[in-house]
Structures are given as structure tokens and as C-alpha cells.
Amino acid sequence: MEWQKQTLAAALALAFGGAAQAADVVQFDTNGGDAGGVISVGSFDWTVDNALADNAIPLAAAPGTTSFDLYAQASLGNFLDSNGDPILGTGLGSDFEITFEAGFGEIGSSFNGGLIGTFALDPNASVNFFSVYYDDVVNADVLNGTGYNDGTLIMSGVVVESNGIFAITNTTPTLLDQSADGNQWGTTTTVSATGSNTINADVQMQDFAFFLSNISSLIFDLNHTANLKTPFTETNPARQVAGIAPVFGLAPNGTAGNGYACAPGVSACDFLFQQDGSTSFQSQEVPEPASLALLGLGLGALGFVRSRRREEKA
């Protein structure tokens, strides 16, 4: 077990060693253009919610790979300032809610007899979105998995980089729902596991009534990091994530089991995670036209002119 912990720590260091970047403060209007709602936000701190790896089981043993779609959703718990402290008095959670839904393809491989999985972005996947909504009606429902994609779309983008790792720490079936409001999933069980996932997304649309930073001269990227685990101890497992209902495998005790091999006759099944995420913003100033021309000439002289795009991940 100690060797497994050391292996997981090393894998995490390799997977996320280059992911950290300095975050930028953005101006956000909690009133959507009305007076009195402008705050300086360092990051969005989402509530604990759900992520679903759709058709991720069975996960091929390395060097083989499995392609699947990862979906996630959550409500905003706090606006955080540049020091990481909550910004209070905004009406978040009472007067309005902010939610996100995301979905994108990943490629994964398993190691150590299937106990550890590593994941990266699938650039060829048909699913790819990260969407943020503002809603005057506070109606997101964790258990039912509804209310995350209504209201006003205030930001959207596509995932361009993703890195994840997940380790099963105990294969003995334990109840999936161990949240404080009681077990609402009956005999459904799960393996015990922990992991992390980090994604970067290129923002393609922003609502200027909410995001006030001068995006005509800045390019914003989302950087989203989530801690993943099972069983669910801090929130309810969702009946659906981004509209997708989980299909579980079959645990050794005969119950529906999260993280176990699929039932006979089922070719692929899912893995449902508890996820706790935060989103920060990075910006890059756009050079003036003259600067762009000089840059192009300089690179051309060196023979390195090429279109620069964010490198792909997982």
C-alpha cells in the first residue's frame, strides 16, 4: 500500500508539474450591468458536485488506451478575491446562482493491475464545451442533476488541455452515497478512489454585462482544477451529469457498483466521481498590429513562422 501511495504521488507530480500558472484578477458584475455589483475576482470556487466518465470502463491497460467523454457540473459556492478569501454580500446562492456544465473527450490508460488510471484530452472527440450560466432562480439540484444549464449563458469555451489521474485505494464495495442527508442510492456501491483533473479552456464567448475586463485587448483562458473521489461523503451522487445518467458495473456482492466491471452483456459502463473544483483566469495581451508585423518578420527571418496554438493535453 505504501508503494502504491508513492506511485500515485509520483504520477501526480508528472501529470501536473507544469500546470500551475499565475491567475489574473477579473472584474465581474454580479448584477449583470445594474449599478452596485462590480467585484474584483481572483477565482471561482465551485461547490462539491459531480463528474461522470461516460463509457470509461473497461479502461485499457497501458500501452493500450480507451476513449471516453468526461462530464462535470457544479454551482458556484464563492467568489474568491486575489488572496483566496471569499467575497461576501453579493447575493450569490440567494438572489442568484452561477453554474457550469462541461463535457470533453479524454483518452485513458490503466496501470498497476487497473488500480491507477491516467488521462489526457482527446482532440478528436465530438464533445467539447465549458459553459457558465447566471440564473435569477436558484434551482440547481445536485441529487437530480438538474438546473445547471438554464438562465443566461455568460461564458463559453472549449477545452484545449486536460490532465488527470485516478487511483483506486480499496476495491471492497462500500455504499456510494454516504452524504450527510442520508443514503438516497439504496444498495448501490462503489470502489474507494481518489484523484485530480486539471483542464485549460479557451474562452470563445463572454457576456460583457458580467465580465467587465477589457477583453478587446485581453485573451482569457479558463484554468479549472478538480479534486475527485469516491464514495460521496460531502454531497449527493447525481442521477445525471450534463443530462447523462450513469450506467454502473456489477460489484462482487451483486449490487450495482461504481467502478466495477460492467454487467454481462454490457460493453461499456461509467464511473461517477465526487468533484470539488475551482476556476481561475489567465489573460494574454494582444500585440498591436505593428508589433504583430515585426514579430512575423523576425520569425520569418529565422525560418520558424508557424501558427501558434495551445498544445493539447489531458
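Residues numbered from 1 in each chain as written. Predicted model: local features only at pLDDT ≥ 70, side-chain atom pairs only at ≥ 80, totals over all residues. Heavy atoms only, no water.

Provide a residue-level description of the overall build of the chain, including the pertinent values.
A count of helices and strands for the chain gives two helices and 14 strands. Counting only residues that meet the buried cut, the chain has 46% of its 314 residues in that class. For the chain, the share of sequence-separated contacts (at least 6 apart) that also reach a separation of at least 24 residues comes to 75%. Surface accessibility of the chain: about 14,600 Å² in total, with carbon and sulfur atoms responsible for 53%. (Helix = DSSP H or I, 4+ residues; strand = E, 2+ residues; numbered from the N terminus. Buried < 20%, exposed > 50% of the residue type's maximum accessible area, 1.4 Å probe, protein only. Contact = heavy atoms within 4.5 Å. Areas by Shrake-Rupley, 256 points an atom, 1.4 Å probe, with all protein chains shown as cover.)

How would you explain empty space enclosed by the protein if you had to name every residue and give the values?
Over the atoms, a rolled probe matching the size of one water molecule traces out where space is still vacant. Enumeration according to the criterion identifies one cavity of 30 Å³ or more in this entry. By volume, the largest cavity is sized at about 100 Å³. Around the largest cavity, the lining is made up of 13 residues, and of these Leu 70, Ala 72, Asn 197, His 224 and Ala 226 lie nearest the centre. Residue classes in the lining of the largest cavity are distributed as 10 nonpolar, three polar and no charged. (1 Å grid on protein atoms, 1.4 Å probe; cavity = no way out; pocket = protein on both sides within 12 Å on 5 of 7 lines; lining within 4 Å. Points joined across faces, edges and corners; volume = space filled by probe spheres on them. Nonpolar A, V, L, I, M, F, W, Y, C, P; charged D, E, K, R; others polar.)

An account of the side chain of Gln 274 is needed here, citing residue identities and associated values.
Position of Gln 274 among the secondary structure elements: in strand S14 (residues 269–285). At 3.0 Å, the side chain of Gln 274 forms a polar contact with the side chain of Glu 234. For Gln 274, the contacting residues outside a window of four places in its chain are Val 48, Asp 49, Asn 227, Leu 228, Lys 229, Pro 231, Phe 232, Thr 233, Glu 234 and Thr 235. (Polar contact = N/O pair within 3.5 Å; in protein donor to acceptor, adjacent residues only side chain to side chain.)

Residues and numbers for unusual backbone geometry, please.
The omega angle of the peptide bond from Ile 57 to Pro 58 is 5°, so this bond is cis rather than trans. Within the fold, Pro 58 resides in the loop between strand S4 (49–57) and strand S5 (66–80). Cis geometry is adopted by the peptide bond preceding Pro 231, which originates at Thr 230 and carries an omega value of 0°. Although it is not a glycine, Asn 112 sits at a positive phi angle of roughly 55°. Assignment of secondary structure puts Asn 112 in the loop between strand S6 (97–111) and strand S7 (116–121). For Asn 112, a relative accessible area of 29% gives the class partly exposed. Even without being a glycine, Ala 242 presents a positive backbone phi close to 50°. Mapped onto the elements, Ala 242 comes out in the loop between strand S11 (218–230) and strand S12 (249–250).

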